[in-house]
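Spelled out from the first residue to the last, the chains are:
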Number of protein chains: 2
Amino acid sequence: MRARDLVSTFPIVSLDTPVIDAARLLAEQDLPGLIVIDDDGLPLNILPGTQVLRLAVPGYCQDDPALARVVDEAHADAFLRSLAGRTVREALPTAPRELPVTDPDATVLEIAALMARTRSPLVAIMDAGHLRGAVTLQALLDRLLAP
Amino acid sequence: MRARDLVSTFPIVSLDTPVIDAARLLAEQDLPGLIVIDDDGLPLNILPGTQVLRLAVPGYCQDDPALARVVDEAHADAFLRSLAGRTVREALPTAPRELPVTDPDATVLEIAALMARTRSPLVAIMDAGHLRGAVTLQALLDRLLAP
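Because the structure is a prediction, the values reported are computed rather than measured.

Help me out: how do you make sense of a positive patch on the surface in this one?
Where like charges cluster on the molecular surface, the positive patch consists of A:Arg97, A:Arg119, B:Arg97 and B:Arg119. Take A:Arg97: it is sitting in the loop between α6 (88-91) and β4 (101-102).

What should I look at first to understand the interface of chain A and chain B in this one?
You'll often see interface size given as the accessible area lost when the parts meet. Between chain A and chain B, the contact holds 54 residues from the first and 54 residues from the second. With both chains or domains summed, chain A and chain B bury close to 4,900 Å², and 61% of this area falls on carbon and sulfur atoms. Across the chain A-chain B interface, the total number found is 2 salt bridges. Where chain A packs against chain B, one counts 10 residue pairs in polar contact (both at pLDDT 80 or more). Of the residues forming the side of chain A that touches chain B, the biggest block, 9 residues, is contributed by helix α7 (residues 108-118) of chain A. Classifying every residue of the side of chain A that touches chain B gives 30 nonpolar, 8 polar and 16 charged.

What's the story with the relation of the copies chain A and chain B in this structure? I'm lost.
Two chain copies, one operation linking them: a rotation about an axis together with a shift along it. Least-squares fitting of chain A to chain B yields an RMSD of 0.0 Å, with the superposition described by an axial translation of 0.0 Å and a rotation of 180°. Taken together, these values place the two copies in the relation of a two-fold axis. When the interface residues of chain A are mapped onto chain B, 100% of them again lie at the interface, so the same face is used by both copies.

Looking at this structure, how should I read the environment of B:Asp16?
Residues and elements named next belong to chain B. Within the element layout of this structure, aspartate 16 appears in the loop between β1 (12-14) and α2 (19-28). When the C-alpha positions of aspartate 16 and threonine 87 are compared, they lie 5.5 Å apart, and in sequence the two are 71 residues distant. Excluding anything up to four places from it in sequence, aspartate 16 contacts Thr87 and Arg89. Within polar-contact distance, the side chain of aspartate 16 engages the side chain of arginine 89 at 3.0 Å.

Quick question: what am I supposed to make of the environment of A:Leu53 here?
With respect to the helices, strands and loops of the structure, A:Leu53 is situated in helix α3 (residues 49-54). For A:Leu53 and A:His130, which are 77 residues apart along the polypeptide, the C-alpha to C-alpha distance reads 27 Å. Among all residues touching A:Leu53, those that are not within four sequence positions of it are B:Ala112, B:Met115, B:Leu137, B:Leu140 and B:Leu141.

So, how was this worked out
Residues numbered from 1 in each chain as written. Chains lettered and ligands numbered in written order. Predicted model: local features only at pLDDT ≥ 70, side-chain atom pairs only at ≥ 80, totals over all residues. Heavy atoms only, no water. Patch = residues over 30% accessible without salt bridge, like charges linked within 9 Å, V, L, I, M, F, W, Y side chains within 5 Å. Areas by Shrake-Rupley, 256 points an atom, 1.4 Å probe, with all protein chains shown as cover. Salt bridge = Lys/Arg side-chain N within 4 Å of Asp/Glu carboxyl O. Lys, Arg positive; Asp, Glu negative; His and termini not counted. Charge placed at Lys NZ, Arg CZ, Asp CG, Glu CD. Helix = DSSP H or I, 4+ residues; strand = E, 2+ residues; numbered from the N terminus. Contact = heavy atoms within 4.5 Å. Buried area = accessible area lost by both parts, 1.4 Å probe. Polar contact = N/O pair within 3.5 Å; in protein donor to acceptor, adjacent residues only side chain to side chain. Nonpolar A, V, L, I, M, F, W, Y, C, P; charged D, E, K, R; others polar. Least-squares fit on C-alpha atoms with pLDDT ≥ 70 in both.

By themselves, these are just geometric observations and shouldn't be taken as functional.
Structure below.
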């Protein structure tokens, strides 16, 4: 079994997508994460769900979640909505990281190792310079554990 | 909105659970991760799905996923099944890490910050020394984005 047997089309977001729309896409389609493409349609970043959430959480709370407790409940409830118009471009981390990207020939072991190493429940599959889709952890496990 | 409004019961695994059963639980119930409890029923570790996968991937592949390509397809396909009887206890990382655990009073912002910081799509909720359940990223987003 190879990546080509497991890949499926996957929703993408661009740098100009509002963060709130990215969060909504994640929630509504129950996705494990999102693929952010650049202006050429190539994967620029692959964000696990927790890191999409990170785009919305104020920095001082990320450093010390206990500090979030000083924010009262009404304001805490509204933190996602306060994003109003902020785009993925403005919220994306600038530090480079290893992207979970491979090709259609990758074996299931390669995909699993890449997911484990990059802590990403999805791996983008590039085929001859084009984004073909993604393999999700769920799809991988379903196939590996099938009777 | 507080953790108590979002918490739900969540499957647990013990140190004696075979890794293959843990992977099956994750896949069959489409869980974002697993809570591993110790002999006193307290959360010992909380593993995102990718880290449950990590329990099964040979170390040399984790360090360099490209090395996995030297394993032929038939053997790669069988890597999960080769776990045969290996328990969570034997596979769990020993390095301590910050656990995504909080109490029923935590606000949604606190939970979101904890998920972002620990890269965990689930947070365990402890209530007066007992594990009450977990809040998932999906449950959090669904409630925050509800019209």
